[in-house]
Amino acid sequence: MKVVLKKGLSSDLSTLVVFAAKNKKDGKAVFTKLSPDLNKLTEFAQNDSGFAGDKKETCFFRRAEVDGYTNVLFVGLGDASKVDNESLRVAAAVVYGSLKSHKVTSAGVHADSALKFFRDSASALQALSEGFGLCDYDFDELKSSAKKDSKKDKKPELKEISLLLTNAPTAAQTKAVQRAEILAECQNFTRWLGDHPGNFITPTMLAEETVKAAKGTGLKVTVWDLPKIKKERFGGLLAVAQGSAQEPRVIVMEYNGAGKSKKPIAFVGKGLTFDSGGISLKPGASMEEMKYDMCGGAAVIGTMLALAKLKAKVNVIAVVPSTENMPGPAALKPGDVYVARNGKSVEVFNTDAEGRLILGDALTYASEQKPAALFEAATLTGAILIALGNTHTGVFTRDSKLMSKIQEAADTTGELVWPMPLNDFHVDDMKGTHADLCNISGGRLAGSSTAAAFLEQMVEDGVPFAHFDVAGTAWNIASRFPYHPKKGASGIMVRTFVELAETF
Ligand code: BES
Ligand code: ZN
Ligand code: ZN
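These lines cover the structure that appears in this document, whether it is placed above or below. (Residues numbered from 1 in each chain as written. Chains lettered and ligands numbered in written order. Predicted model: local features only at pLDDT ≥ 70, side-chain atom pairs only at ≥ 80, totals over all residues. Heavy atoms only, no water.)

1. Concerning the site of ligand 1
- Around ligand 1 lies a shell of 17 residues, among which Asp275, Lys282, Asp352, Glu354 and Gly382 are the nearest.
- Lys282 places a side-chain nitrogen or oxygen 2.8 Å from an oxygen atom of ligand 1.
- A distance of 2.8 Å separates an oxygen atom of ligand 1 from a polar side-chain atom of Glu354.
- Broken down by class, the residue content of the shell around ligand 1 amounts to six nonpolar, four polar and seven charged. (Near = heavy atom within 4 Å. Polar contact = N/O pair within 3.5 Å; in protein donor to acceptor, adjacent residues only side chain to side chain. Nonpolar A, V, L, I, M, F, W, Y, C, P; charged D, E, K, R; others polar.)

Structure follows, in structure tokens:
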């Protein structure tokens, strides 16, 4: 589907979409100035259908034949005093769903009817376009009905959405829509990687798809094979990988958009392509969801693609360690000890706490590059779901300035984050008995914080570091954010990581 910005309200598209917010005082819908015929239709919508501009409310007029349009769709934005960029992403999802259910294949969106409620029209247009771009994702390629020659289940496709402005678009508005397109495309790529089952996206395939996607973007991608991983002493990655028939990989991505003297921002992401738990095997229920255990890595890959495509003026480096966690004959056993890249010995009491093992070496390697900041994303703990549910990504950092920057970036992109505790108590909990560290704490409490404390032990001193636990937000979040797929990967953190890198 194309999202294009156009001047003028007349077009050859079949359906016109008009937004309205709700005036909390009189309970009535607030519309922008419209043509006389459209005004008449707003009267019908309000008087006959009770349309009041509520959030997610719709009113569809088939064969309205107004201003050259066959159909007209009114969509509510909610309380007029609270309309924000997120309201527009949500409204885009409502428009998308309604147009699809009415089998509309192209539509014009009366953009000014939404922009009326904003001071910054460019960022509002960006949010609206992001919403449409993010809705335009469906992972159906493994269904036989998706095959090119299949006639079964073919629904009419929504091919174009034009954002119609009364005046000619400004340079900032045009740029904002282009930016949204790149961000949505890269977030959708992250989702696409995440939605693939473990037998399709193995570590080798994750690396190959990354190399393919990076072609022509200016990104440098280097893939480490087993001998190189051994040479680089990634002890934690090797320890986890030894239980799997699949070879591990490390994907290193670099993008230099700024001068050589500028320190890079580093990203690390967990690329666990399937987590069975290993010898500490997980229970069967919902184990299939552990194909999503590479979503942190996929978010980092999507971020790097977006920064390159946006030609961001930053230097960035990303490291994605990738393996399966399987209970094969050579698998790591509870009690085993390995030595991490930074020389610390680790006893593994629970092989299901494997993310921290593979991330540890990547964090050490990334911090050796002396980055200005190090951001790492992982589906690390079930405990973060208990703490934050599927709304907020948990952020762990001891650096309050870094936390403010993260909060600011997330406020801009609309992805929700929440600061979580990380201190020396949690480090104490991760001390080993017969090794320097243990991979689990003695108790069950504060499991997300103790996991973060383990990761921190692998980061070199002096590197500003933040860990993002995305276990609750990397998939199945459409119940909160309707522009995400009903079931499947969300691509969370791509937009916030891009924003962070650009504004750091
Ligand atoms: N990948 C899981 C974390 C996870 C669980 C993500 C559920 C999403 C949903 C991770 O590798 C894991 O298994 N962590 C354990 C750690 C425990 C053994 C200390 C967990 O959270 O149970
Ligand atoms: Zn695990
Ligand atoms: Zn895991």
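2. Focus: the coordination of the zinc ion (ligand 3)
- Summarising the metal site, the zinc ion (ligand 3) is bound by the protein donors Lys270 (NZ), Asp275 (OD), Asp293 (OD) and Glu354 (OE), whose distances to it range over 2.0 to 2.4 Å.
- Here the zinc ion (ligand 3) is ringed by six donor atoms whose angles at the metal span 77 to 174 degrees, and the overall shape comes out octahedral.
- Between the zinc ion (ligand 3) and the zinc ion (ligand 2) the interatomic distance amounts to 3.2 Å, and Asp275 serves as a bridging ligand to the pair. In this pair, Asp275 sits in strand β11 (residues 271–275) while Asp293 sits in the loop between β11 and α9 (295–309), placing the two residues 18 residues apart along the sequence. By the burial criterion, Asp275 is buried, and Asp293 matches it. (Donors = N, O, S within 2.8 Å, 3.2 Å for Na, K, Ca; no water. Tetrahedral: all angles 85-135°; square planar, octahedral: opposite > 155°, others 65-115°. Helix = DSSP H or I, 4+ residues; strand = E, 2+ residues; numbered from the N terminus. Buried < 20%, exposed > 50% of the residue type's maximum accessible area, 1.4 Å probe, protein only.)

3. Regarding the pattern of salt bridges
- Counted according to the given criterion, the structure contains 27 salt bridges.
- In this structure, Glu254 engages Lys220 in a salt bridge whose closest nitrogen and oxygen atoms are separated by 3.9 Å. With Glu254 in strand β9 (residues 249–256) and Lys220 in strand β8 (residues 220–224), this pair connects stretches of sequence that are 34 residues apart.
- Since its relative accessible area comes to 25%, Glu254 is described here as partly exposed.
- Measuring nitrogen to oxygen at the nearest pair gives 3.1 Å for the salt bridge that ties Asp293 to Lys270. (Salt bridge = Lys/Arg side-chain N within 4 Å of Asp/Glu carboxyl O.)

4. Re helix α12 (residues 400–413)
- For α12, spanning 14 residues, the distance from its first C-alpha to its last is 20 Å, which sits close to the expected 20 Å at 1.5 Å a residue.
- All of the buried residues along α12 are Leu402, Met403, Ile406, Ala409, Ala410 and Thr413. Along the axis of α12, the buried residues cluster in a sector spanning 125 degrees; they form a single face. Turned more than 90 degrees off the buried face of α12, the exposed positions are Ser400, Lys401, Glu408 and Asp411.
- Among the structural elements, α2 (85–101), β15 (373–378), β16 (393–396), β17 (417–420), β19 (465–469) and α15 (494–503) are those in contact with the buried residues of α12. (Expected span 1.5 Å × (residues − 1). Arc of directions from axis to C-beta. Contact = heavy atoms within 4.5 Å.)

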